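Architecture at a glance
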Amino acid sequence: MSGANPGLGYDATPPFSAPLRFFLTAPLFGIAAGLLLIVDGGLLASRWTPGTLALVHLLAVGFLLQIMLGALIQILPVVAGITLTAPLRTARLTHIGLNLGAIGLTAGFQFGRPSLLLGGATFLGLGVTGFLCSAALAAIRAPKTRMASHTPRDLRLALGGLTVALLLGLSLVLELGLGRGAPLPLAVAVNLHATWALLDWAGLLLAATSWVVVPMFQITPAYPARLTRYWAPTVTVLLAAWSVALVANVTTLAATMSVCLIGAATGFAVITLRQQARSRRSTPDASFRAFRLAMLALAAGAALLAFPHPSDADHWPVLAGILILHGGFGGATSAMLYKIVPFLAWLHLTQAGIKAPNVKKLLPDVRARTQLRVHAAALATLLAAGLAPPLGPVAGIMLIVEFVFLQLNLVHVVRKWRAHLPRAGLSVTPA
Amino acid sequence: MGVLTRIKVVPASMRKIDSIAEGAPMSTLSTLMTDDHRACDHLFARVETHVAAGDWSAARTAMRNFADALELHFRAEETQLFPRFEAVTGFSAGPTAVMRAEHAEMRTFLDAMSAAIDAGEADDFGGEAETLMIMIQQHNMKEENILYPMCDDRLALERDALAAALDTTLHARATHGVAA
């Protein structure tokens, strides 16, 4: 990568297979989550059952983290001028570590096997650390240019959030597996890990992406300047203050910070909905609608967390988890996949000098629309199962249908892409 | 400039709406060129709206306006901004060469979209338009996040004069053009 051409050129575009491997394996974890719900039907009764922890990590690590890291490998050069020096090698190692890690971690939770938990956490830790080191190295080497957008800064903050979430997660596994984690009550450590992962990693990443994606692709007015300037740093500071208050057992401060964080998360979702309502595009496609549903789910999930819940077995945390993980982040990532994958197929064919079919020929609207409707139905069924746990297996079936459909749609694009490659091109397609 | 001033599109007032609404100063190359990206996006949205409504005649006019605006933006970059950047940095085969290549790619979509409108093929138009939309926005992201800030930094000494010249070019249609 020449310093004269930071992140701009075709040479800064990672090979298609670098992000694609993440996108193609992610739905398999959604299918596994559905199977788990069928086998262990009542696991939505509480957030603390081993099965629930396995389910959460299938979705959070196997599906969401997987897609987020794959997408970052693709977009870092374009939105932040950060070009990984060896994107394919980084993708391969991260992908292997993340997948083995997600399998080990969820199997460890489900079967109560500390060795699997420790092994899974080791692979996941290595995979994510490899990615973080590669991104940090590239960020240091990136030319220092003053950028108009706050997205690059917020992406860096999100990667910081991922680092904290990873360290807290590793500490938890050490505690569960060997009794040697951080000296914190288990519930406190779990809440810290989950909040840093969902808010300072996934939340900041979603916001940083939204600052550019929503106004540009959905043709809306820009987000309020003060929101994009202060939202991510404020959330990070509030989260740090909340964490200290929680660890130091200063309950009033922790509760105040918690309300502020819920307000920040809900505010982001509500403002995004307002922005989208002002879109100039008169024909909102399935992806646009799914993104709006995701914002609604995020706002509802965050708001639910504000409800006082007298016991851990209460429904509220489970419902909030479903809304945030599946409805919010799951919906937003699916919506983005439908934009990213067909375009990348088109881009790589075009860059190879091949006349490529347009994105809607690579993935017809009707396929995406139907799958995203199934996603909405799966969300409704999951929420019903959150209130009535015996419905868990039905929600499991819906999850399987949703993610099998997503997988088939992605494979459809890949098959179209491969069909347009010249025969000789197939042999040089990066593995 | 001779060719550019003959292109008829929309009043400058429309193309400046966003910057006024956001209260952004028109002092940097980044702001000026970014605002023009958004103005082109609005013209694109207008074409989509007419096609969705099945109003092919209005769609044809809107398409011409959008294509003209985009072409004017490309030419302002290719004939004014990029040559100055290349002269000052010596990067003639660097980022600007890539941006020129992407302009060429996007121009082919304009033809395909116009052909779909002429044929009254809404589905074909939708596919070509969506592909161009993503192509434009990933191109714009690179310009807005990387190239324009580099231009502001490297062309600091002549920034105001260059911004004024670009502004004149981008809004040439205001004095010679008609509203969509």
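Described below are features of the structure shown in this document.

Rules and cut-offs
Each chain has its residues counted from 1, running along the sequence as written. Here the convention is simple: chains get letters from A, ligands get numbers from 1, in the order in which they are written. Given that the model is predicted, a residue must reach a pLDDT of at least 70 before its local features are reported, and side-chain atom pairs must reach 80 or more before they are shown or counted; all residues, however, enter totals for whole chains, interfaces and linings. Hydrogens and water are ignored here; the side-chain numbers use all heavy atoms of the structure. Secondary structure counts use DSSP, requiring at least four H or I residues in a row for a helix and at least two E residues in a row for a strand, with both numbered from the N terminus. Burial classification: accessible surface area is computed with a 1.4 Å probe over protein chains only, and a residue below 20% of its type maximum counts as buried, one above 50% as exposed, and the rest as partly exposed. The contact rule is simple, with two residues in contact once any of their heavy atoms fall within 4.5 Å. Per-residue accessibility takes into account occlusion by the displayed protein chains alone, with areas from the Shrake-Rupley method and a 1.4 Å probe. In this scheme Phe, Tyr and Trp rings, the latter by its six-membered ring, pair at centre separations within 6.5 Å, and the angle between planes marks the pair as stacked below 30 degrees, edge-to-face above 60, and tilted otherwise.

**Structural notes on the overall build of chain B**
Looking only at helices and strands, chain B has eight helices and zero strands in total. When burial is assessed residue by residue, chain B has 57% of its 180 residues classed as buried. At a minimum sequence separation of 6, the contacts of chain B that also span at least 24 residues come to 79%. When the accessible surface of chain B is summed, it comes to about 6600 Å², and 55% of that surface belongs to carbon and sulfur atoms.

**Let's talk about the side chain of Thr-220 of chain A**
Mapped onto the fold, Thr-220 of chain A is located in the loop between α6 (186-217) and α7 (225-247). Non-local contacts of Thr-220 of chain A, meaning those with residues more than four positions away in its chain, are made with Val-214, Pro-215, Gln-275, Gln-276, Arg-278 and Ser-279 of chain A.

**What to know about unusual backbone geometry**
All names here are of chain A. A positive phi angle is found at Ile-219, which is not glycine, with a value near 50 degrees. Mapped onto the elements, Ile-219 comes out in the loop between α6 and α7. Ile-219 sits in the buried class, given a relative accessible area of 2%.

**Section: the packing of aromatic side chains**
Residue and element names in this part refer to chain A. Per the stated rule, a full pass over the model turns up nine aromatic pairs over all chains. Each ring, one from Trp-211 and one from Trp-231, has its centre 6.2 Å from the other, and the planes form 85 degrees; the classification is edge-to-face. With Trp-211 in helix α6 and Trp-231 in helix α7, the pair connects residues that are 20 residues apart, well separated along the chain. Taking relative accessible area as the criterion, Trp-211 reaches 7% and is therefore assigned buried. For Trp-231, a relative accessible area of 8% corresponds to the buried category. Here the aromatic cluster, defined as three or more aromatic residues joined through ring pairs, consists of Trp-211, Tyr-223, Trp-231 and Phe-268.

**A look at the environment of Phe-85 of chain B**
All names here are of chain B. Within the element layout of this structure, Phe-85 appears in helix α4 (residues 56-89). For the pair Phe-85 and Glu-158, spaced 73 residues apart in the sequence, the C-alpha separation amounts to 11 Å. The contacts of Phe-85, once residues within four sequence positions are left out, are Gly-90, Phe-91, Pro-95, Thr-96, Leu-147, Met-150, Cys-151, Arg-154 and Leu-155.

By themselves, these are just geometric observations and shouldn't be taken as functional.
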